[in-house]
There are 2 protein chains.
Amino acid sequence: MKQKRIALFGSTGSIGTQALDVIAANRDLFSAEILTAQTNDTLLIKQALEFAPNMVVIGDEKKYTVVKEALAGTDTKVFAGEKALEEVAALDCYDMMLAGIVGYAGLRPTLQAVNLGKAVALANKETLVVAGDIVMKRALEKGAAVIPVDSEHSAIFQCLVGENNNRISKIVLTASGGPFLGKKPNFLVNVKRDHALQHPNWTMGAKITIDSATLMNKGLEMIEAKWLFNLTPEQIQVVIHPQSIIHSMVQFEDGSLKAQMGLPDMKLPIQYAMAFPQRIPNDFPRYDFKKPQTLSFEEPDIKTFRNLGLAIEALKKAGNMPCILNAANEIAVYAFLKNRIGFLDMTEVVEQTMAKISFIENPTLEEYFETDGEARNFAASLIHM
Amino acid sequence: MKQKRIALFGSTGSIGTQALDVIAANRDLFSAEILTAQTNDTLLIKQALEFAPNMVVIGDEKKYTVVKEALAGTDTKVFAGEKALEEVAALDCYDMMLAGIVGYAGLRPTLQAVNLGKAVALANKETLVVAGDIVMKRALEKGAAVIPVDSEHSAIFQCLVGENNNRISKIVLTASGGPFLGKKPNFLVNVKRDHALQHPNWTMGAKITIDSATLMNKGLEMIEAKWLFNLTPEQIQVVIHPQSIIHSMVQFEDGSLKAQMGLPDMKLPIQYAMAFPQRIPNDFPRYDFKKPQTLSFEEPDIKTFRNLGLAIEALKKAGNMPCILNAANEIAVYAFLKNRIGFLDMTEVVEQTMAKISFIENPTLEEYFETDGEARNFAASLIHM
């Protein structure tokens, strides 16, 4: 494999730092061409000094000078601001984008990579949740491979290699159930930020950890899966699997199920997406069948975890509804993380925003951007009341 | 897919009758070109009248006249005897052999198919256990695809499609543990034929059902896997999985595990091998994640189920040792089925035969045949004492 030049968007986040670990362990296979961060200038500088990228972008323009001065003696070019993120993504100087930016902010740079026909290792599920139809259509036109990094979608992707024209009967997305599995609304109403941030199996960023606790994450993954694998809502099943060992499954038309399994460790799907179709030997911990093990499965409790039901509703409604869902959810989660609203209030914000914002059946990209803005404003107004 | 002409060796057995169900349900994809049976003339005649094969072979020459007369008004040619099985297999009139003959008797016809460069759907594990080196080497030379039908090996084969040059770290063969899982020698010593024939999950022929009860079947599968997938003994792990839902797993060099799953139903791997690389829609029952489910895993008890330990010893020793193991085991199992020896005696027969017969490190095919004969004679002499 020739060395892949990686444009690492969101290099200081949970996905980004682990991707750099993969690069550090496989310098012959990968180089860091671009690193970007939103606000964490200190870590971005440290990473730039270690990986000597061609360019870095700091989203927060106020931090431009600090980064610029710190990298003054190096060959690394420094840019700042939201617009620079898009512009740098549009430069034909890398082989693969690792889209690790959290939330809606990841959409525009990812679209630029797709426009260039670049391979995208997609950790930013919101890109597909918000505008999956446009992104996947464009990827097909431009020949851009979209390789998922989410452990569930990576599992499905791995199960599909070599199956060529064999049709999918359904996919089964596994969900740990999060820290509040089995709890009821009378418990959830009092849940606080710090408790919700304690995921039983996975170490992830704050936004996705809260989404896991509410099961919204699984709903977003259903929408992401629809676009990645060209599925109908009826072909996507969610199953609670508290041990997080089976990362997801595919059932084919002949009834055969294929599953991808392992310890819950994001490094594996990150590395897989970066190196695909090659698998790289590593020393990540292995799941061990020498100890007695039990894997269990049950249906999700959609009556209690209403976010999942709302996401399924948006999935089925389609159009700009998933965009509305996602925008409202982002506002709600950040408000919860700031202790401004309660755990169950997040669902209220999403539900009311979905009821309020105008539905568009076949939105243009511009209409997705407008929908996102409107939904955020309305969701924020609910919180400020 | 153009219609595949199937040479169905062992058409009246458990695998054969299910393969004919697959053909009956997919007449556009498959035709039965050759049907063979050892002794069951009644069923062979019935099958020939239904599927109108080009040829049938009845192994038992005494039954030739009955079959010949019953098919007198048809276009089906009738042959009889062991030699005819080989001769018919050597005719270039079919596209795929389904090798469903039980035991060592399946080796010679299968070798003929491989010599012709025909695809072989291999349900006869003894072919590889006895002479895997020769069979697989010849298959490679002749371009004959060997597609496993055993559910475990089919699972591994399905997990490997599309992985191309990605190296296997290990495979994990799952074993139900059979009807006597958790039992100790003081229980096993009194086990009778009818009890051992009651497998908790799988409906199979008598020989393999007894082998499942003693765990010899899993040992034979380890040896089969070695040849099919070009593995070292250290790369082959056996795990007890009483629910028989995960049919086996592959772990790659990056630590990722892939599994193939489903209800225990031989029709699926039979159909998969026949139609590969295509998957055919069907109405076989599906595993259902809507009910709460538990899958468990534990290490096999090799101290109690000593046959598995003997098979691992033969696997490691290689040469003609697996051939000796298999021959002795066939004699022992049929003696047990005739209530001539006890459950634990089967292990004694195998162990003593392995100790007695001369070891050959790199046997010729002829030496395998000789080894088989010697081992059978010695094993039989132990039983007749």
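Residue positions are counted from 1 within each chain, in the order its sequence is given. Just so you know, chain letters begin at A and ligand numbers begin at 1, following the order they were written in. At least 70 in pLDDT is required for a residue's local features to be given in this predicted model, at least 80 for side-chain atom pairs to be given and counted, and no such filter applies to totals for whole chains, interfaces and linings, which use all residues. Hydrogens and waters are ignored; side-chain quantities use all the structure's heavy atoms.

Chemist: Before we go on, may I ask you to explain the environment of Lys267(B) in this structure?
Modeler: All names here are of chain B. A helix here means a DSSP run of H or I that spans at least four residues, while a strand means a run of E at least two residues long, and both kinds are numbered starting from the N terminus. Its location among the elements puts Lys267 in helix α12 (residues 267–275). Relative accessible area decides the class of each residue, using a 1.4 Å probe on protein chains only: under 20% of the type maximum gives buried, over 50% gives exposed, and in between gives partly exposed. By relative accessible area, Lys267 is classed as partly exposed at 23%. In this structure, the C-alpha to C-alpha distance between Lys267 and Ile15, residues 252 residues apart in sequence, is 8.2 Å. Look past the residues within four positions of Lys267 in its chain and what remains in contact with it is Gln18, Asp21, Val22 and Phe284. Note on definitions: a residue-residue contact is assigned when non-hydrogen atoms from the two residues lie within 4.5 Å.

Chemist: Would you mind showing me how to read the state of the cysteines here?
Modeler: Put plainly, two cysteines are in a disulfide when a covalent bond ties their sulfur atoms together. By convention in this document, the label disulfide applies to cysteine sulfur atom pairs within 2.5 Å. Taken as a whole and judged by the stated rule, the model has zero disulfides over all chains. The cysteine Cys159(B) is free of any disulfide, with Cys159(A) supplying the nearest cysteine sulfur at 7.4 Å. Cys159(B) gets classed as buried once you look at its relative accessible area, which sits at 0%.

Chemist: Before we go on, may I ask you to explain the interface of chain A and chain B in this structure?
Modeler: Size of an interface, as often reported, equals the accessible area lost when the parts are brought together. Tallying the contact residues gives 45 residues for chain A and 45 residues for chain B. Summing both partners gives a buried area of about 3,800 Å² for chain A against chain B, and 54% of it is carried by carbon and sulfur. Broken down residue by residue, the surface that chain A buries against chain B is led by Asp254(A), Arg279(A) and Phe289(A), which jointly contribute 21%. The working definition used for a salt bridge is a side-chain nitrogen of Lys or Arg within 4 Å of a carboxyl oxygen of Asp or Glu. Counting across the interface, chain A meets chain B through four salt bridges. A salt bridge links Arg279(A) to Glu163(B); the shortest N-O distance between them is 2.9 Å. Whenever two N or O atoms come within 3.5 Å, that pair is a polar contact, provided that in protein one can donate a hydrogen and the other can accept it, and provided that, for residues adjacent in sequence, both atoms are side-chain atoms. Between chain A and chain B we count 26 residue pairs in polar contact (both at pLDDT 80 or more) in total. When contributions to the side of chain A that touches chain B are tallied by element, the ones reaching two or more residues are α7 (151–160), β9 (236–240), β10 (246–252), β11 (257–261), α12 (267–275) and β12 (293–297) of chain A. Across the side of chain A that touches chain B, the residue classes break down as 21 nonpolar, 14 polar and ten charged. In this analysis, strands are considered paired if DSSP registers two or more bridges between them. Note: β12(A) against strand β12 (residues 293–297) of chain B, five bridges, orientation antiparallel. Paired with Gln293(A) across the two strands is Phe297(B), which belongs to β12(B). Note: buried area is the sum, over both parts, of the accessible area (probe 1.4 Å) each one loses when the two are combined. Only Asp, Glu, Lys and Arg are considered charged in this grouping, and only Ala, Val, Leu, Ile, Met, Phe, Trp, Tyr, Cys and Pro are considered nonpolar; every other residue, Gly among them, is considered polar.

Chemist: Please explain the packing of aromatic side chains as it appears in this structure.
Modeler: Centre-to-centre distance and the angle between the planes together describe a pair of aromatic rings. In summary, the pairing rule links any two rings of Phe, Tyr or Trp, Trp by its six-membered ring, whose centres are within 6.5 Å, and it sorts them by plane angle into stacked for under 30 degrees, edge-to-face for over 60 and tilted for everything else. Throughout the structure, instances matching the rule amount to 18 aromatic pairs over all chains. Here the aromatic rings of Phe297(A) and Phe289(B) are separated by 5.2 Å at their centres, their planes lie at 70°, and the arrangement is edge-to-face. With one member in each of two chains, Phe297(A) in strand β12 and Phe289(B) in the loop between α12 and β12 form a pair that bridges those chains. By relative accessible area, Phe289(B) is classed as buried at 0%. With centroids separated by 5.8 Å and ring planes inclined at 75°, the aromatic side chains of Phe336(A) and Phe343(A) adopt a geometry described as edge-to-face. This pair shows no difference in class: Phe336(A) is buried, exactly as Phe343(A) is.

Chemist: What should I look at first to understand the side chain of Lys125(A) in this one?
Modeler: All names here are of chain A. One can find Lys125 in the loop between β6 (119–122) and α6 (126–142). Since its relative accessible area comes to 4%, Lys125 is described here as buried. Polar contacts involving the side chain of Lys125 include one to the side chain of Asn217, which spans 2.8 Å. When near neighbours in sequence (up to four residues on either side) are disregarded, Lys125 contacts Asp150, Ile208, Asn217, Leu220, Glu221 and Glu224.

Remember that the coordinates give geometry; whether it matters functionally is a separate question.
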